[in-house]
Protein chains: 4
Amino acid sequence: MGQKTVQMINESDEFELVGGYNPGIDVAHMQGMGLNDNVKLFSQLDEIETDADVWIDFTVPSAVFGNVKFAIEHGIHPVVGTSGMKEDQIKQLQQLAKEKQVGGIIAPNFGLSAVLLMKFAKEAAKYLPDVEIIEMHHDDKLDAPSGTALSTAQMISEVRGDKPAPKSEETLPGVRGGDYKGIKIHSVRLPGYVAHEQVLFGSKGEALTIRQDSFDRGSFMNGVKLAVPAAAKATELIVGLENIL
Amino acid sequence: MGQKTVQMINESDEFELVGGYNPGIDVAHMQGMGLNDNVKLFSQLDEIETDADVWIDFTVPSAVFGNVKFAIEHGIHPVVGTSGMKEDQIKQLQQLAKEKQVGGIIAPNFGLSAVLLMKFAKEAAKYLPDVEIIEMHHDDKLDAPSGTALSTAQMISEVRGDKPAPKSEETLPGVRGGDYKGIKIHSVRLPGYVAHEQVLFGSKGEALTIRQDSFDRGSFMNGVKLAVPAAAKATELIVGLENIL
Amino acid sequence: MGQKTVQMINESDEFELVGGYNPGIDVAHMQGMGLNDNVKLFSQLDEIETDADVWIDFTVPSAVFGNVKFAIEHGIHPVVGTSGMKEDQIKQLQQLAKEKQVGGIIAPNFGLSAVLLMKFAKEAAKYLPDVEIIEMHHDDKLDAPSGTALSTAQMISEVRGDKPAPKSEETLPGVRGGDYKGIKIHSVRLPGYVAHEQVLFGSKGEALTIRQDSFDRGSFMNGVKLAVPAAAKATELIVGLENIL
Amino acid sequence: MGQKTVQMINESDEFELVGGYNPGIDVAHMQGMGLNDNVKLFSQLDEIETDADVWIDFTVPSAVFGNVKFAIEHGIHPVVGTSGMKEDQIKQLQQLAKEKQVGGIIAPNFGLSAVLLMKFAKEAAKYLPDVEIIEMHHDDKLDAPSGTALSTAQMISEVRGDKPAPKSEETLPGVRGGDYKGIKIHSVRLPGYVAHEQVLFGSKGEALTIRQDSFDRGSFMNGVKLAVPAAAKATELIVGLENIL
């Protein structure tokens, strides 16, 4: 994602890349990324000197907590895409952000279409409580359901409460899908597919379907682009891109 | 729609039918509608005596203005599904509703899935301004585009402003659809189809699609059911079901 | 289906209704069906005298065997929509049809879109063996998967053989669906939906989806209309509408 | 496509790459393509010496005719993906192939999902003549409709004949799409989309939809893989992948 972030910033009129941080920096590698000459590169956290407004972080889970702490302490607003931080680490960072009045955004998913799908699904479920989810991914994805599908079910469940799925008799076990508090989830795994999700609502005489397709991980940059100015103004550490939409 | 309204009320635990009004009433006809014995029937507006909270009106355009005026003046909150009232008639009724503090709802479309689609499309367009609309109807529908598709385009246009559609060279005239302020609209007419609409958003590497299907006009009652309690509490005359969602 | 059959024949220029059979006939009931005056009505099988070419039968399973046997023996080509005949009954009728050289058609499903979906799915699976099925029905349908979905899986399996579905780790049991010889089937049950099926094929960099929607049982008549002339010419008893397409 | 072809052959158990031809060959470039040591490289047509069975050609239109002629004359079965050959060039090659009894395949589209879509659409139109086409491409595609959509309409038209589209009154010009002999075609252009096509059939009470998605040009190799053994056995020059399916 580092490469894609650099490209997004370079193509944008609103943002400017002023520095890069990479522990164990490989100058040759960084040079291939299309950085301008005035971009300062750092290989150690404590050496970073910058007047950056925003810190974009797609690093590994093990490094992200230290990075974000450093950023907030130095008045740089973080935009964090790494999932895998622990609940109490996030709380600690939120506390620090509040103290320093340096907010930012942590989001497991910067895909705008996925985030909007979840937001709309949650809202629709208030009026259309009968709902099932179908997610479709490439056949190399081992785990099922996808994290986004499960998050969607959780968000729907918050507003509609528990409601058992209609009674069925399965003549083929599993055919009615997985059950999250009465919301049936179906996971499709096929070659060619990338990452797709559908939420199907049904009601007397009508249906509403919300679908998102991620064809390319580059789509994450659509969300990062929205997050950067929002983070720069934030006075607390927001979790979830949906909370700035 | 009168028959469907009676059925919806009879099936509901929250509502009670206390009266019916039909100019040139045909007692035999009304008896076939499954009314309870305690439902009072009226054939003239000035004879109506009732302590009803809500007035549901799916009558013809020519009668609706007089009906709703009567309802508001008598403290009955109107839920109106007839389209075709004039702009200044609606304003007059809104003025009256404000004076009497007897609000209600006028909506051209009580289909929940269609109203939610429009609401979500408007919201999504803030973040995903590249959008096209496809509506699909039975082949007896003469006019194109559908009213709902046009309304959707208008609502999207309000938030994203003018933005020309991507340049194309049509080798078959019309193939790129109709153009509403840069939003392309495509109308499909096929036997078997009922009433369906899709809004397609695209962005770098991803897509979001919102689709609604109306299989049956009975679906309007899903919206009426929501409108009745909202109308009963309203202190102004609201236009559009989306404004109570 | 009797009423719909009469209507279809009356609306057609190619067919003529010459007789009706209803054990325990109710003349008043039959009169309400819009029959022409020259339609002869019978209430007992052995009283039937007709020069009809084709016998359309949507009766109950218990009566259908006797009916079809009578038809073939009297040189009338049967078009049979009743499912539930036993394997050996069908074989017996096929034998009889061959002897008499009076063919016809027995089909569990006269929905053209469903039959074409199955046919195309079987053909596509030769080239695209990675496939999953999603069927969607109203929430009153108890059994899952639908008969059509299971038939589709069986037909696909005939051409692609056994092929295990991609390995997955279900964190929610059942989320990967039911498994028919490696073909995953997913059943959705939601109010508003009628009867719909999708077959999803995936391959490197591409996908093919075949979908059918039954909005109304009247769609069966599309298939019956095709079956009548085919049956009239048939010299054997064909099982499955796909075999005349 | 050269690189993708090499990769497909290397990953296959059935095929072996024995030679490569590139006028103005750049050895360094070819070495980067992952060729085995025993692959013979040629930079001039008349220097080629090989016992290859099949000649795969994705070259530029100006070179393809000469290449394919050479291949057939030397007993190598061509698989040709270049579009842009002239009608009379193709006829000349077909004549030569017949004489030499060295057949092969020329196809404008090796995408299996697109070719199957066209094949099925043509077949379905026999039974479901009411049909519209929607194609969706990225917003950089200038021409509309796509070549595949137009070919699909032509193939459908061959079987169903002329049939005017249902009468409509367009309140927004073009909204009913382009008209190819009564088949309405709609072209969507949105960022994020790649190359997709839907054929929608409607009939009384039912609908059939065939959809294909090309996410990646690599999908062409699915078709090439099928074409190679078919070409190796062919005794005439076949045009169109659908003719070997």
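These numbers were taken from a predicted model, which means no experiment stands behind them.

A. Quick look at the sheet that holds strand 10 (residues 183-189) of chain B. The strand order across the open sheet formed by 10 strands is 9(A)-10(A)-6(A)-11(A)-12(A)-12(B)-11(B)-6(B)-10(B)-9(B), and the pairing between neighbours is mixed. In this open sheet, the two edge strands, each paired with only one partner strand, are strand 9 (178-180) of chain A together with strand 9 (178-180) of chain B. Each strand of the sheet is rotated relative to its neighbour by a mean of 20 degrees, with strand direction disregarded. Sheet analysis places strand 6 (residues 131-137) of chain B next to strand 11 (residues 195-203) of chain B, joined by 7 bridges and oriented antiparallel. In the strand pairing of strand 11 of chain B, M136(B) is matched with H196(B).

B. View of the relation of the copies chain C and chain B. Each copy of the sequence occupies a distinct position, and chain C is placed on chain B by a rotation of 180 degrees and an axial shift of 0.0 Å, giving an RMSD of 0.1 Å. Between the two chains, the operation in question is that of a two-fold axis. Distance from the rotation axis, computed per C-alpha, reaches its smallest value in chain C at F215(C): 3.6 Å. An overlap of 100% is found between the interface residues of chain C and their copies at the interface of chain B, pointing to a shared contact surface.

C. Local environment of helix 3 (residues 61-73) of chain B. Residues and elements named next belong to chain B. Here helix 3 contains 13 residues, and its C-alpha end-to-end distance of 19 Å stays within 8% of the 18 Å for a straight helix at 1.5 Å per residue. For helix 3, the set of buried residues is V64, F65, N67, V68, F70, A71 and I72. Note on helix 3: the residue one or two positions beyond its end, G75, has a positive phi of about 75 degrees.

D. View of helix 4 (residues 87-100) of chain A. Residues and elements named next belong to chain A. A rise of 1.5 Å per residue sets the reference length of helix 4, with its 14 residues, at 20 Å; its end C-alpha atoms lie 20 Å apart and thus fit the reference within 8%. All of the buried residues in helix 4 are I90, L93, L96 and A97. On an axial view of helix 4, the arc spanned by its buried residues comes to 125 degrees, and they lie on one face. In helix 4, the exposed positions angled more than 90 degrees off the buried face are occupied by E87, D88, K91, K98 and E99. In the core, the buried residues of helix 4 are packed alongside helix 3 (61-73), strand 5 (104-106) and strand 13 (237-239). Within two residues after helix 4, Q101 carries a phi angle of roughly 55 degrees, on the positive side.

E. View of the interface of chain B and chain D. Between chain B and chain D, the contact holds 44 residues from the first and 44 residues from the second. If you sort the residues of chain B by the area they bury against chain D, L142(B), L172(B) and V175(B) come out on top, with a joint share of 17%. Here chain B and chain D share 16 residue pairs in polar contact (both at pLDDT 80 or more) between them. Listing elements by their share of the side of chain B that touches chain D, those giving two or more residues are strand 6, strand 7 (143-144), strand 8 (169-170), strand 9, strand 10, strand 11 and strand 12 (206-214) of chain B. A total of 5 residues in the side of chain B that touches chain D trace back to one element, the largest contributor, which is strand 10 of chain B.

F. Focus on the sheet that holds strand 13 (residues 237-239) of chain D. All names here are of chain D. Strands sit in the order 3-4-5-13 across an open sheet of 4 strands; the sheet is parallel. Two strands in the sheet have a free side with no partner beyond their single neighbour: strand 3 (54-57) and strand 13. In this sheet, neighbouring strand axes are inclined to one another by 20 degrees on average, regardless of whether the strands run parallel or antiparallel. Bridge count between strand 4 (residues 77-80) and strand 5 (residues 104-106): 2 bridges; the pairing is parallel. By the bridge assignment for strand 5, V79 is matched with I105. This element, helix 3 (residues 61-73), spans strand 3, strand 4 and strand 13 of the sheet and lies at about 175 degrees to strand 3.

Conventions and cut-offs
Residues numbered from 1 in each chain as written. Chains lettered and ligands numbered in written order. Predicted model: local features only at pLDDT ≥ 70, side-chain atom pairs only at ≥ 80, totals over all residues. Heavy atoms only, no water. Pairing = 2+ DSSP bridges. Helix = DSSP H or I, 4+ residues; strand = E, 2+ residues; numbered from the N terminus. Axes fitted to C-alpha atoms, helices over the stretch in contact; angles between N-to-C directions. Least-squares fit on C-alpha atoms with pLDDT ≥ 70 in both. Contact = heavy atoms within 4.5 Å. Expected span 1.5 Å × (residues − 1). Buried < 20%, exposed > 50% of the residue type's maximum accessible area, 1.4 Å probe, protein only. Arc of directions from axis to C-beta. Buried area = accessible area lost by both parts, 1.4 Å probe. Polar contact = N/O pair within 3.5 Å; in protein donor to acceptor, adjacent residues only side chain to side chain.

These figures come from the coordinates and say nothing about function on their own.
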